[in-house]
Structure formats: structure tokens, C-alpha cells
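# A look at the structure
This is what each chain is made of:
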Amino acid sequence: VLKWLAVGGRATYEGAKYKRSDVDCIYHKANVAMEVLFTYVNREHLQLYSGVSMGLIYRWDGAMDAKLDFKPMLPCASVIPIGLHVGGEHVYGLAEVSLGSESVMNLGLGVRF
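Counting starts from 1 at the beginning of each chain's written sequence and moves along it residue by residue. Per-residue local features are limited, in this predicted model, to residues with pLDDT of at least 70; the limit for side-chain atom pairs, both in listing and counting, is 80 or more; totals at the level of whole chains, interfaces and linings are taken over all residues. Calculated side-chain values reflect all of the structure's heavy atoms, with hydrogen atoms and water omitted.

A word on unusual backbone geometry. Residues other than glycine seldom take positive phi values, yet Ser 21 does so here, at roughly 55°. Helix numbering and strand numbering both begin at the N terminus, where a helix is a DSSP run of H or I of at least 4 residues and a strand a DSSP run of E of at least 2. On the secondary structure map, Ser 21 appears in the loop between β1 (5–20) and β2 (23–42). The class of Ser 21 is exposed, set by a relative accessible area of 68%. A positive phi angle, close to 60°, is found at Asp 22, a residue other than glycine. Note on exposure labels: buried denotes an accessible area under 20% of the residue type's maximum, exposed denotes more than 50%, and partly exposed covers the range between, all computed with a 1.4 Å probe on protein chains only.

Structure representation (C-alpha cells):
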């Protein structure tokens, strides 16, 4: 929207395999959210930012050899106290600290259209 303000969306997936009482279990979490990012360092290939996001989260988990337990879809929100974009205009890498329904540390690749 502005050089220091970006409005967009985010889709994330997180999964893990773990043991509970000698039973192999699996955990999945999918999140779709709208976000607002405030950039305070804006260089050609480096941006430092903070932001907020709100959306919906969906979880399912259970034993790998049994039926998975699907949880209801719930609202979610996160605050990003500090984030870093490194890369070009359309493809970039990101690293950010997050508080809320997202993981505490996010690393990933992003694409802008």
C-alpha cells in the first residue's frame, strides 16, 4: 500500500511426528490469515518489519494407525515483533519471531504477485 505498509495474506502448514506412550502420533496445523506489516528498514534486498495477522486455524492429530481427530476451525491472531525479508522483488526468504497462534520462530520462502 505504502513504502512502509504492506497488506497481504499468509497460508502456513506445520506438522510433526511424535511418540505418546510408545504410540506413533502425528500432528497437523494449517493457518490462513490476513496480515499487516510495518516496515522500518527498507533496502533493495533487505526489509526489517513488525506486524499483526488475524485469520483461521485448523488442527488435526492422533495415532498414525488410527483415525485422526479433527478439531473445529478456530479464529487465530499473531503479533510479529520482528521479521526479516531477504531477496528480490518477487521471491524472498523470511525469518520472524511470532507471538500468538503461529510458531515462535518462522523460517520460509515467500512469493509476491
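With that settled, the discussion passes to the pairing of β1. Two strands pair under a simple rule: DSSP has to find at least two bridges between them. Across 16 bridges, the pairing between β1 and β2 is antiparallel. Counterpart to Lys 19 in the pairing with β2 is Asp 24. Counting the residues between successive antiparallel strands, the hairpin from β1 to β2 contains 2 residues, one of them, Ser 21, with a positive phi of roughly 55°.

The next thing to look at is the environment of Cys 25. Assignment of secondary structure puts Cys 25 in strand β2. Expressed as a C-alpha distance, the spacing of Cys 25 and Leu 68, which sit 43 residues apart in the sequence, is 9.4 Å. Leaving out residues up to four positions away in the same chain, Cys 25 has contacts with Ala 16, Lys 17, Tyr 18, Arg 20, Gly 62, Ala 63 and Met 64. Should any heavy atoms of two residues lie within 4.5 Å, those residues are considered in contact.

Glancing now at the pattern of salt bridges. One speaks of a salt bridge when a side-chain nitrogen belonging to Lys or Arg is within 4 Å of a carboxyl oxygen belonging to Asp or Glu. Inspection of every chain in the model, using the stated rule, returns 7 salt bridges. In this structure, the salt-bridge partner of Arg 59 is Asp 61, at a minimum N-O distance of 3.7 Å. Across the salt bridge formed by Lys 71 and Asp 69, the nearest N and O atoms sit 2.6 Å from each other. For Asp 69, a relative accessible area of 39% corresponds to the partly exposed category. Residues joined in a network through salt bridges with shared partners are Arg 59, Asp 61, Asp 69 and Lys 71.

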